[in-house]
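Spelled out from the first residue to the last, the chains are:
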Amino acid sequence: MERLESNNERILKFDVESLKEIHECINKIFNEFRLPKDNKKAILLKPNLNNDMIALTGGTTDLRIIVAVVINLKKRGYNNITIGDGPNTGMYHEGIDVFERLRIKEIARKFDVKYIDLNKADYVEKEINGHKTRIARICYDSFFINLAKIKTHTEAKLSCCMKNFVGCNVGLNKRIIHWNLGENIVELNKILKPDLNIVDGLVAMEWDGPSKGTPKKLGLIIAGKNSFVVDHYVSRLVGINNVPYLDYAKKSGLLQEDNLKFDGNYYIKNP
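Participant: Please explain the pairing of strand β3 (residues 43-47) as it appears in this structure.
Facilitator: Here is the key point about a regular strand: its side chains alternate between the two faces of the sheet. The buried count for β3 comes to 5 of 5 residues, which makes it a mostly enclosed element. Because side chains alternate across β3, one face comprises the buried residues I43, L45 and P47, and the other comprises L44 and K46, equally buried. Where β3 meets strand β4 (residues 81-85), 3 bridges bridge the pair, whose relative direction is parallel. Counted as the bridge partner of L44 is T82 from β4. Between the parallel pair β3 and β4, the chain is carried across by helix α2 (residues 63-75), and the sense of this crossover is right-handed.

This is the structure in structure tokens:
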């Protein structure tokens, strides 16, 4: 485990190979970052389930991490757990049940947890850059663990913690975010904050992400609370520079780059 402190923000980075190491690092993450005092508190796990591509393509959050998080939370006495995301609405037009295809439903049955399609969830109305959107209410009512995936993205350049929140918008409200993607990702992250980010860097995606790229094994799991700082760190780590939403965050004073002293040493190909 590598622990990094920058501007009072803590980031943990783990190099992992085996399933045992994945479970060990999730346990260490929960030892380092505070969980709810009340073990009856609702916990939302928000993976990246944008489409029906399995994790080894680099497209979606690895089931090994999702299961390790569920098992570790259960061992700590937390049983009110829900796995939720709002997949790309194009999946419905193709008749694809992403939760079934990616075996989220099977995980829910096996480990006695719930799952929710955020595209069809109860919502709260919020305003982003002068436009109203609908965000799944459960994202505000739960202890929110963001299970992001490291991917390239042809529009955003990088998809990680901050981009993963686009899936919290109900149904076609995602189009509002894509209208001015860089700025709107930042605005979305100003009104929706996770309690913890756990980043899946086991198999990332390079080149033409977020769905047509090439898998790239990194063997990493990264954790931190501040989505802005974690994404900045990941961008440096994998060598993706000039990420529009991070540039906008810096201009807005939400990311103080002068105080970030992280050095990158893993690289994937830019989109």
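Continuing now.
Participant: Hey, could you run me through unusual backbone geometry in this one?
Facilitator: With an omega of 15°, the peptide bond between G209 and P210 qualifies as cis. Among the structural elements, P210 can be located in the loop between β10 (196-206) and β11 (214-224). Of note, the phi angle at D112 is positive, near 55°, even though the residue is not glycine. Relative to the helices and strands, D112 is located in the loop between α5 (104-111) and β5 (114-117). A positive phi is found at N129, a non-glycine position, where the angle reads about 50°.

Participant: Can you help me understand the layout of surface pockets in this one?
Facilitator: One simple way to see leftover space: roll a probe sized like a water molecule over the atoms. Considered as a void within the structure, the largest pocket measures approximately 500 Å³ in volume. Lining of the largest pocket is provided by 28 residues; of these, N50, N88, K163, K174 and H178 occupy positions nearest its centre. Take the lining of the largest pocket: its biggest share by element is 3 residues, from helix α7 (residues 174-178). Classifying every residue of the lining of the largest pocket by side-chain character gives 4 nonpolar, 15 polar and 9 charged. Taken as a whole, the second largest pocket spans an internal volume of roughly 250 Å³. Forming the boundary of the second largest pocket are 14 residues, of which A55, D62, L63, R64 and L102 lie nearest the centre. Here the lining of the second largest pocket takes 3 residues from α2, the largest share from any one element. Broken down by class, the residue content of the lining of the second largest pocket amounts to 8 nonpolar, 2 polar and 4 charged.

Participant: I keep staring at the state of the cysteines and nothing clicks. Help me out?
Facilitator: Disulfide: a covalent bond connecting the sulfur atoms of a pair of cysteines. The final tally for this structure, using the stated rule, is 0 disulfides. With no disulfide partner, C25 has as its closest neighbouring cysteine sulfur the one in C161, 14 Å distant. Free of any disulfide, C161 has its nearest neighbouring cysteine sulfur in C160, separated by 4.1 Å. Given the relative accessible area of 0%, C161 is considered buried.

Cut-off values and rules
- Residues numbered from 1 in each chain as written.
- Predicted model: local features only at pLDDT ≥ 70, side-chain atom pairs only at ≥ 80, totals over all residues.
- Heavy atoms only, no water.
- Buried < 20%, exposed > 50% of the residue type's maximum accessible area, 1.4 Å probe, protein only.
- Helix = DSSP H or I, 4+ residues; strand = E, 2+ residues; numbered from the N terminus.
- Pairing = 2+ DSSP bridges.
- Right-handed = clockwise from strand over helix to strand, strands pointing away.
- 1 Å grid on protein atoms, 1.4 Å probe; cavity = no way out; pocket = protein on both sides within 12 Å on 5 of 7 lines; lining within 4 Å.
- Points joined across faces, edges and corners; volume = space filled by probe spheres on them.
- Nonpolar A, V, L, I, M, F, W, Y, C, P; charged D, E, K, R; others polar.
- Disulfide = S-S within 2.5 Å.

Nothing here speaks to function; it is all geometry.
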